[in-house]
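Residue-level structure breakdown
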Amino acid sequence: MLNDRGKSKKWRGFFMPEHIAMLKKAEEDYYKVPRPELTEDQIEEIEQFIISSLQSNHLLGVES
């Protein structure tokens, strides 16, 4: 019976460490979600929400 280590281990020796790092970064970039751009009003609303939560000693939560 052939003792195969699997494709990922078997072929990994042919990649240089720089190539592996580049492929990993490309995969991370592919799945990255762009940061939303907030208006000044939205930022102010979030800040007020955080301040009121800290003053009343309540946990922050998401409304559903």
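Right, let's get into the pattern of salt bridges. Under the defined criterion, the tally for this structure stands at 2 salt bridges. Ionic pairing is found between Lys32 and Asp29, a salt bridge with its closest N-O pair at 3.8 Å. You can call Lys32 exposed: its relative accessible area is 57%. By relative accessible area, Asp29 is classed as partly exposed at 38%. Three or more residues are tied together by salt bridges with common partners; here these are Lys25, Asp29 and Lys32.

Once that is clear, we can look at the packing of aromatic side chains. In this description, a pair of aromatic rings is defined by centroid distance and the angle of the planes. One pass over the full model with this rule turns up 1 aromatic pair. With 5.0 Å between their ring centres and 90° between their planes, Tyr30 and Tyr31 make a pair best called edge-to-face. Looking at Tyr30, the relative accessible area reads 65%, which means it is exposed.

Moving on: a nonpolar patch on the surface. Together, Leu38, Ile43, Ile46, Phe49, Ile50 and Leu54 make up a nonpolar patch on the protein surface, roughly 540 Å² of accessible area in all. Exposure remark for Leu38: the relative accessible area of 44% places this residue in the partly exposed category.

A contiguous patch of negative charge on the surface is contributed by Glu40, Asp41, Glu44, Glu45 and Glu47. Summarising the element assignment, Glu45 is placed in helix H3 (residues 40–56).

Conventions and cut-offs
- Residues numbered from 1 in each chain as written.
- Predicted model: local features only at pLDDT ≥ 70, side-chain atom pairs only at ≥ 80, totals over all residues.
- Heavy atoms only, no water.
- Salt bridge = Lys/Arg side-chain N within 4 Å of Asp/Glu carboxyl O.
- Buried < 20%, exposed > 50% of the residue type's maximum accessible area, 1.4 Å probe, protein only.
- Phe/Tyr/Trp six-rings, centres within 6.5 Å; stacked < 30°, edge-to-face > 60°.
- Patch = residues over 30% accessible without salt bridge, like charges linked within 9 Å, V, L, I, M, F, W, Y side chains within 5 Å.
- Areas by Shrake-Rupley, 256 points an atom, 1.4 Å probe, with all protein chains shown as cover.
- Lys, Arg positive; Asp, Glu negative; His and termini not counted.
- Charge placed at Lys NZ, Arg CZ, Asp CG, Glu CD.
- Helix = DSSP H or I, 4+ residues; strand = E, 2+ residues; numbered from the N terminus.

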